[in-house]
Amino acid sequence: MNGTIRVGNLFGIPFYIHPSWFLVLGLVTWSYSSGLAAQFPQLSAGLALLLGLMTALMLFASVVAHELGHSFVAIGQGIDVKSITLFIFGGLASLEKESKTPGEAFWVAIAGPMVSLLLCGIVTAIGVTTAASGPLAAILGVLASVNLALALFNLIPGLPLDGGNILKAIVWKITGNPYKGVTFASRVGQIFGWVAILSGVVPLLLFGNAGNFWNLLIGFFLLQNAGNSAQFARVQEKLTGLTAEDAVTHDSPIVSANLTLREFADERVISGQNWHRFLVTDDDGQLVGAIAVDNLRTIPIALWSETQVKEVMRPITESTTVQSDQPLLEVMQLLEQQKLSVLPVIRENGVLVGILEKAAIIQLLQNRTQPNPA
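Read on for an overview of the structure. Worth saying up front: this structure is predicted, and the values here are computed from it rather than measured.

## Quick notes on unusual backbone geometry
- In this structure, the amide linkage connecting Leu-159 to the following residue, Pro-160, adopts the cis form with an omega of 10°.
- Within the fold, Pro-160 resides in the loop between helix H4 (134–154) and helix H5 (162–175).
- Not every positive phi belongs to a glycine, and Phe-11 is a case in point at roughly 55°.
- The exposure class of Phe-11 is exposed, given its relative accessible area of 64%.
- Despite not being glycine, Asp-251 has its phi angle at roughly 60°, a positive value.
- Along the chain, the position of Asp-251 falls in the loop between helix H7 (213–239) and strand S5 (254–256).

This is the structure:
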């Protein structure tokens, strides 16, 4: 992941930390150690700092537990969790795909806040039953209140927060359209983003008070991510119902395995085609390999007339192909994940349909976005 540091696995899930997290860890440690030192003057500076660090780490452990709540419910639905990342605004569990039903999406979304509320209750119960006092009581109070705040903040009904995902699931259930749920929850998230920004800007402009600066950062975070969610939902909706075959490039670069290199050069290369790599098919039209123009250089020109394409081509594995009936949205995600620009498209029997380019998907989206002429 860009800019993050992998620190290991949690229950088999890759665990990352963004560098900004260390800054937040330092600020939280300093804040709570200063608070403990002021509240309990008998504490030495070193002990107050140590207790502040322990408190900060337990707070971040609470954030991790929150994300594990989402992750375990998703795993229970057969959804792979690609990673958990701690960053400046908290945590993020990256899921492989969306839930299949609005009910399942609801439970994945609400699991995190439920874990935070559970931790709040457990910590409060520990404080009450043990009659804790002094610094221990203060630390338990902080842990309980922060977990409560974490749950309530994430329940704000706007993407990308958990409450936004809950709202998305509800709208999805009512309308039967997951993309309408995302669009609606994204708009609500943008409204909350503007409210957060105004709550930081107005005191600053009117009174010169920068105490709500954190609200500005949260507001920009909500605006950016809610906007991205809405944009991605629009893309998903436009690609719904389309398959890989719908985006296959016309006149795809395909050659027969039985062509000689001379025929290949004359018909495909010298004739002015701009392709640098061609897919190779057998007599039944099945994909058997690929040949690049540069591969011609490995064979002396004098031998081109007696050397066939199949003798020079390189094999293609199934992992680098997609089925013609595979949803186009899945293909687009595959291109992004594997950082590819082109994929061969084949039918179930192995017959080659053609190539699918990322640029073709973009063009298809643009065509579907343009209004139809009257």
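Moving on, there is more to tell.
## Observations regarding the sheet that holds strand S2 (residues 13–17)
- Spatially, S1-S2-S3-S4 is the arrangement adopted by the four strands of the open sheet, whose pairing is mixed. Each having just a single partner strand, strand S1 (5–10) and strand S4 (90–95) make up the two edges of the open sheet. Within this sheet the neighbouring strands show an average axis-to-axis angle of 25°, counted without direction.
- Here S2 runs beside strand S3 (residues 81–87); their pairing, made up of three bridges, is parallel. Across the sheet, the residue bridging to Tyr-16 is Thr-85, located in S3.

## Let's talk about the packing of aromatic side chains
- Enumeration according to the criterion identifies six aromatic pairs in this entry.
- Here Phe-11 and Phe-72 contribute two aromatic rings whose centre-to-centre distance is 5.3 Å and whose plane-to-plane angle is 80°, an arrangement assigned as edge-to-face. Remark: Phe-72 occurs in helix H2 (residues 45–76) and Phe-11 occurs in the loop between S1 and S2; sequence separation between them is 61 residues.
- Between Phe-106 and Trp-107, the aromatic rings sit 5.2 Å apart at their centres with planes inclined by 80°, giving edge-to-face as the arrangement.
- Taking the relative accessible area as the measure of exposure, Phe-106 reaches 24% and is therefore partly exposed.
- Through pairs of rings, three or more aromatic residues link up here, namely Trp-21, Phe-22 and Phe-60.

## Quick notes on the sheet that holds strand S7 (residues 287–292)
- Reading across the sheet, the three strands line up as S5-S6-S7 and stay open at both edges, with mixed pairing between neighbours. The sheet is open, and its two edges are formed by S5 and S7, each paired on a single side. Within this sheet the neighbouring strands show an average axis-to-axis angle of 35°, counted without direction.

## Remarks on H2
- The terminal C-alpha atoms of H2, which comprises 32 residues, lie 46 Å apart, in line with the 46 Å expected from a rise of 1.5 Å per residue.
- Once H2 finishes, Gly-78 follows within two positions and takes phi at roughly 80°, a positive value.

## Structural notes on the pairing of S4
- With six bridges connecting them, S3 and S4 associate as antiparallel partners. Residue pairing across strands places Val-81 opposite Leu-95, the latter belonging to S4.
- Hairpin connection between S3 and S4: a loop of two residues separates the two successive antiparallel strands.

## Topic: the packing of helix H3 (residues 102–129) against H5
- Remark: H3 packs on H5, axes separated minimally by 8 Å, with the N-to-C direction vectors making an angle of 160°. With respect to their mutual orientation, H3 and H5 come out roughly antiparallel. The handedness of the crossing between H3 and H5 is left-handed. Note on element contacts: H5 touches H3 through Asp-162, Asn-165, Ile-166, Ala-169, Trp-172 and Lys-173, opposite Pro-102, Ala-105, Phe-106, Ala-109, Ile-110 and Pro-113.
- Class assignment of the residues belonging to the contact of H3 with H5 gives a composition of nine nonpolar, one polar and two charged.

## Let's talk about the pairing of strand S9 (residues 342–346)
- Within S9, four of the five residues are buried, which leaves it mostly tucked inside the rest of the structure.
- Here strand S8 (residues 322–323) runs beside S9; their pairing, made up of two bridges, is parallel. Following the sheet pairing, Val-322 is matched in S9 by Val-345.
- Between S8 and its parallel partner S9, the chain crosses via helix H10 (residues 328–337), and the hand of that crossover is right-handed.
- Looking at chain direction, S9 and strand S10 (residues 352–357) are connected through five bridges and run antiparallel. Each bridged residue has a counterpart across the sheet, and for Val-342 the counterpart in S10 is Glu-357.
- Two successive antiparallel strands, S9 and S10, enclose a turn made up of five residues, where Gly-350 displays a positive phi of approximately 90°.

## With respect to the packing of H7 against H10
- Following both chains from N to C, one finds H7 and H10 inclined at 130°, their axes separated by 8 Å at the closest point. The orientation of H7 with respect to H10, classified from their angle, is oblique. Contact residues: Phe-232, Val-235, Gln-236 and Leu-239 in H7; Leu-328, Leu-329, Met-332 and Gln-333 in H10.
- Its residues assigned to classes, the contact of H7 with H10 shows six nonpolar, two polar and no charged.

Analysis parameters
- Residues numbered from 1 in each chain as written.
- Predicted model: local features only at pLDDT ≥ 70, side-chain atom pairs only at ≥ 80, totals over all residues.
- Heavy atoms only, no water.
- Helix = DSSP H or I, 4+ residues; strand = E, 2+ residues; numbered from the N terminus.
- Buried < 20%, exposed > 50% of the residue type's maximum accessible area, 1.4 Å probe, protein only.
- Pairing = 2+ DSSP bridges.
- Axes fitted to C-alpha atoms, helices over the stretch in contact; angles between N-to-C directions.
- Phe/Tyr/Trp six-rings, centres within 6.5 Å; stacked < 30°, edge-to-face > 60°.
- Expected span 1.5 Å × (residues − 1).
- Parallel < 35°, antiparallel > 145°, perpendicular 65-115°, else oblique.
- Left-handed = near helix turned anticlockwise from the far one by under 90°.
- Contact = heavy atoms within 4.5 Å.
- Nonpolar A, V, L, I, M, F, W, Y, C, P; charged D, E, K, R; others polar.
- Right-handed = clockwise from strand over helix to strand, strands pointing away.

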